[in-house]
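These are the residues of each chain, in order.
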Amino acid sequence: MASSKYWSEVLQARDENRGELNLQGSDINKRIEENGLDPNVFGLSNLYLLKISGTPLACISPDIGNLEQLTRLTLENNKLEELPSSIGTLTKLKFLDISGNRLQCLPATFSNLVNLQSFNANLNSLKTFPDVSEMTQLAYLSISRNELSSLPDGIYDPSLTLLSTIDAAHNKIENISPEISQLCHLIKLDMSDNKLDTLPLELCECPKLKELSISENKMKDRKFLKLAEHSTKALLTHLRGLLEKQRVGEGGGKPKKGGKSKKKKRGDVSSEVEDLTRDVILTLKFNDGLTVSVTPGALSVRPYMVCCIIRNLNFRKSNNMFKRFIALQTKLHDSVCDKRQIATIATHDLKMIKGPLVYGSAAPCSIQIIPLSKKKTTADALMKDLNSEADAYRKLKKRQTLSGIHQYLNLLKDMPEYPYLRDAEGDCISLPPITNSEKTKISKETTDILLEVTGPKNLDTCKTVMEELLKATLLTGVGTSSSADSAGAASPAAEGDSEQAGDDDDSVQTVDQEIKGPQSLTVEQVKVVDMEGRLKAIYPGKNDLLNPAFDVKRNHD
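Not measured: the values here are computed from a predicted model.

*Asks:* Tell me about the nonpolar core, and name the residues and values.
*Replies:* Of all hydrophobic cores here, the largest spans 76 residues; its most connected members are Leu73, Leu83, Ile98, Phe119, Phe129, Leu189 and Leu203. Secondary structure elements with two or more residues in this core: helix H1 (8-15), strand S1 (20-23), helix H2 (26-35), strand S2 (49-52), helix H3 (222-230) and helix H4 (232-251). Ranked by the residues each element gives to this core, the list is headed by H4, at five residues. The next biggest cluster of nonpolar side chains, apart from the first, holds 52 residues, and it includes Val294, Leu313, Phe325 and Leu451.

Here you go:
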């Protein structure tokens, strides 16, 4: 029976309100062997990262479901034989590693983990796998070295638009469905050492498939194995030819005149390069760029901040591009920011900012700001006006539920000082977590934006929110074509565009089609320092932007 006495690591995490807990090593192993895992681990409700690795742990308490803030869970190389169904309540999980255990099945509630981006379950004894069709954020799935006879249910669902890697090697999988062609971002598929005897010809229609491994399968057509050994491109070209012949046969005759695809010249790989292009984030090194100095007062009010700049944006690509960008901020505030409880996003038109910036705090009556769509006022007067509006809304609607900015007013309630971001001209451009300034308000004409994320919890939470914001921005298509110049030159499609031009259905359709292609987003580092110039944060750093859903090209270490 597990001891109720706190382990020192758990006690420290509780007393210091830590968000991370890492349990591994010989001392941890000895304690688990003698008394089991400290059950107080599951009372650390603020944990966002839990790692228990390389231990003799054989079971996990159902109380793990209490850790609802977890975004990263690593349970690798233990001796787990089963997992509780309560793990399905950890719906904020993004990275899950349960590799190297003794699991034969997973609870059906795993399907509830709809925000997973990376899922590693290799080196187990899994015979079945839960449905993954609702895991629309999934980019990386590793299920190698198990006893699976098929790929997971729902794996071919077209809503899995970010799925780029499937590693299912060393299983007992007997077939791949032709529906695999619906995975529009699949880049790597490892099916080596399974029980495949053929391949679906539709594999050639996976538009970005670059790496296909099928060795150690007993293929009826040995040519598949030989071509795969030579190169994935050679195999896909062969499959494409077979598929065309098959469809011609189904059509009842030869293709119509002019229906044949143009024969490629030897060495012409331009179309393959286009097919294999991925979404890209290009990061630019800080070079006498924008800095933000943090005052000691801000550290006691809202201490954590990360900033970066996104450049060469084009909101004129389609009629609703700007609205989509604004809407994604609202969505992130409700989801990953937990209703602005753990972080807040702000955006600023860079050309309206004069740096360096100062992030500080002051009494509400002494902070002057021009809030979005309002006249110049003090922070104190603004909050009074907003609270009056909220009260009037409640009386009018006869309910307590609020929407918009009014639902966040309690976040500054009774605070003697408010946080602010001030530019070099002394103007307040941000009053987190409530509003930005009209001075730096972005518009359809904005091309460069300063992104600001602040929070009361920890720096990693701010970084997580910033990465989600950058990923969502990349997917809107507001950047440039990933085949454009790496510096992110403006898209030619935008030249001469006007707000009225979007009324032409044909032109909008053409632009939207371009947006669906691979995109590139240029991100420039911003430094956050203390008042003595000591570095507190620089974003994005070398350990940021590790999401497998996109490539990152860095012009710095």
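*Asks:* Give me the packing of aromatic side chains: which residues, what numbers.
*Replies:* Per the counting criterion, the structure on display carries four aromatic pairs. Summarising the aromatic geometry, the rings of Phe119 and Phe129 are spaced 5.7 Å apart at their centres and angled 45° between planes, so their arrangement reads as tilted. With a gap of ten residues between them, Phe119 in strand S5 (residues 118-120) and Phe129 in the loop between S5 and strand S6 (140-142) connect regions that are remote in the sequence. Grouping residues by exposure puts Phe119 and Phe129 together as buried. Cluster of aromatic residues (ring-pair linked, three or more members): Phe110, Phe119 and Phe129.

*Asks:* Help me get a handle on the sheet that holds S5, residues and values and all.
*Replies:* The nine strands lie next to each other as S1-S2-S3-S4-S5-S6-S7-S8-S9, forming an open sheet whose pairing is parallel. Every interior strand has two partners, whereas the edge strands, S1 and strand S9 (211-213), have only one. Here the strands of the sheet are splayed against their neighbours by 5° on average, with no regard to which way each runs. Where S6 and strand S7 (residues 165-167) come together, three bridges link them in parallel fashion. Bridging across to S7, Tyr140 finds its partner in Thr165.

*Asks:* If you had to explain H2 to someone new, which residues and values would you point to?
*Replies:* The set of residues buried in H2 consists of Ile28, Asn29, Arg31 and Ile32. Viewed along the axis of H2, the buried residues span an arc of 165°, placing them on a single side of the element. More than 90 degrees from the buried face of H2, the exposed residues found are Ser26, Glu33 and Glu34. Summarising the contacts, the buried residues of H2 are in contact with H1 and S1.

*Asks:* Describe the side chain of Asn40, naming the residues involved and giving the relevant values.
*Replies:* For Asn40, the position within the fold is in the loop between H2 and S2. On the accessibility criterion, Asn40 (18% relative accessible area) is buried. Looking at Asn40, its side chain comes within polar contact range of the side chain of Asp38, at 2.8 Å.

*Asks:* Would you mind going over the environment of Ser293 in detail, with residue names and values included?
*Replies:* Tracing the backbone through its elements, the reader meets Ser293 in strand S11 (residues 291-294). Judged by its relative accessible area of 16%, Ser293 is buried. Not counting residues within four places of it along the chain, the set of residues in contact with Ser293 comprises Leu357, Val358, Tyr359, Val529, Asp530 and Met531.

*Asks:* Before we move on, could you go through unusual backbone geometry and cite the residues and values that matter?
*Replies:* Backbone torsion omega between Pro432 and Pro433 reads 5°, so that peptide bond is classified as cis. The residue Pro433 is located in the loop between strand S18 (428-431) and strand S19 (435-436) in this model. That bond from Tyr539 to Pro540 is cis: its omega, -5°, falls within 30 degrees of zero. One can find Pro540 in the loop between strand S23 (535-539) and strand S24 (551-554). Notably, Asn17 is not glycine yet its phi reads approximately 55°, a positive angle. Positionally, Asn17 belongs in the loop between H1 and S1. Positive phi is not limited to glycine here, since Arg145 has a value of about 55°.

The rules behind each value
- Residues numbered from 1 in each chain as written.
- Predicted model: local features only at pLDDT ≥ 70, side-chain atom pairs only at ≥ 80, totals over all residues.
- Heavy atoms only, no water.
- Core = buried A, V, L, I, M, F, W, Y, C linked by side-chain atoms within 4.5 Å.
- Buried < 20%, exposed > 50% of the residue type's maximum accessible area, 1.4 Å probe, protein only.
- Helix = DSSP H or I, 4+ residues; strand = E, 2+ residues; numbered from the N terminus.
- Phe/Tyr/Trp six-rings, centres within 6.5 Å; stacked < 30°, edge-to-face > 60°.
- Pairing = 2+ DSSP bridges.
- Axes fitted to C-alpha atoms, helices over the stretch in contact; angles between N-to-C directions.
- Arc of directions from axis to C-beta.
- Contact = heavy atoms within 4.5 Å.
- Polar contact = N/O pair within 3.5 Å; in protein donor to acceptor, adjacent residues only side chain to side chain.

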